[in-house]
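Geometric and topological summary
If you want the building blocks of each chain, they are given just below.
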Amino acid sequence: MTTTRDTSQRRLQISELVRQHGSVQVTSLAHRFGVSAQTVRKDLRYLAERGVMARAYGGAIDSNVMNGASVEPNYEAKCTTHLDEKRRIGVRAAALIKPGDTVVIDSGTTAIQLAEAVQDIDITVVTNDYGVLTALAPKNNITIVMLGGELRRRNMAFYGGLTVEALDALHVDKLFLGVDGFDLERGITTHYEPEALLNRKMVETARLVIAITDSSKFGKICLHRIIPVTALNMLITDTGAPEEIIQASQQLGFELQMA
């Protein structure tokens, strides 16, 4: 019998194939994965229902995640939504930062709560987020490395080629990665393409990749993919996380902490 892990991994790989090639065929997928055509059709139906692709005769085509993509809320709404959960997540994440660490704190309102909660200790923090900078500036023992670039006022963070290039020579202990969308099949996604490019570079520089997100982001899919869920080392979220996320942490091998 096919295990849940096998099914999840196969569907993730099918999603990648559709993204890379624009379309897939039932017969070729069945041969590739050594399963029946009926199993592949079930996979495609599941992925189509999640908005990852659109069914077509004999297979599926890339939907570009346009029809089901979540819409980015404005900055003020982000700052006030699920604030208690974000504070708890920030405190839990801050407890992972030890003296001597070099960490990247990604942009986002949960990241700001992490910056508020982190102790004034001898660490280095790299960030592109104005709110994170503001929260850390009064903490005199923390060395702050601000990534330059162009300010995107919609989320008060800096992006662009200069921002990505600034990470080239850096190697950090931990990355705390903000999340706009978290879907087990489609992966971790964001609304803004330059953010996805920067986040992927952040992942390359980090020894540990830690996603920080409240449970409202689970099941959401945004247009631009950052990494698959399998690339995570840890996920910190609130106690509202659905059972499928708890199961996925065990099946896919990332540590789960719920605040």
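Worth saying up front: this structure is predicted, and the values here are computed from it rather than measured. (Residues numbered from 1 in each chain as written. Predicted model: local features only at pLDDT ≥ 70, side-chain atom pairs only at ≥ 80, totals over all residues. Heavy atoms only, no water.)

This part is about the overall build of the chain. Looking only at helices and strands, the chain features ten helices and 15 strands. A total of 259 residues make up the chain; the buried ones form 50% of that total. Total accessible area computed for the chain in this model is approximately 11,900 Å², and 50% of it derives from carbon and sulfur atoms. (Helix = DSSP H or I, 4+ residues; strand = E, 2+ residues; numbered from the N terminus. Buried < 20%, exposed > 50% of the residue type's maximum accessible area, 1.4 Å probe, protein only. Areas by Shrake-Rupley, 256 points an atom, 1.4 Å probe, with all protein chains shown as cover.)

What follows concerns the pairing of strand 6 (residues 142-146). Of the pairings in the sheet, the one linking strand 5 (residues 123-127) to strand 6 comprises five bridges and is parallel in character. Residue pairing across strands places isoleucine 123 opposite isoleucine 142, the latter belonging to strand 6. Viewed along the sheet, the connection from strand 5 through helix 7 (residues 130-136) into strand 6 turns out right-handed. (Pairing = 2+ DSSP bridges. Right-handed = clockwise from strand over helix to strand, strands pointing away.)

Let's shift gears to the sheet that holds strand 12 (residues 206-212). Here we have seven strands laid out as an open sheet, ordered 6-5-4-9-12-14-15, and parallel in their pairing. In this open sheet, the two edge strands, each paired with only one partner strand, are strand 6 and strand 15 (255-258). In this sheet, adjacent strand axes meet at a mean angle of 20° when their direction is disregarded. In this structure, strand 12 lies alongside strand 14 (residues 234-237), joined through three bridges in parallel fashion. By the bridge assignment, isoleucine 210 is partnered in strand 14 with methionine 234. (Axes fitted to C-alpha atoms, helices over the stretch in contact; angles between N-to-C directions.)

What follows covers the packing of aromatic side chains. Note on aromatic pairs: each is described by the distance of the centres and the angle between the planes. Counted under the stated rule, the structure contains two aromatic pairs. Summarising the aromatic geometry, the rings of tyrosine 159 and tyrosine 192 are spaced 5.2 Å apart at their centres and angled 75° between planes, so their arrangement reads as edge-to-face. Taken together, the residues span a long stretch of sequence, with tyrosine 159 in strand 8 (residues 157-159) and tyrosine 192 in the loop between strand 11 (187-190) and helix 9 (193-205) at a distance of 33 residues. Judged by relative accessible area, which is 26%, tyrosine 192 ranks as partly exposed. (Phe/Tyr/Trp six-rings, centres within 6.5 Å; stacked < 30°, edge-to-face > 60°.)

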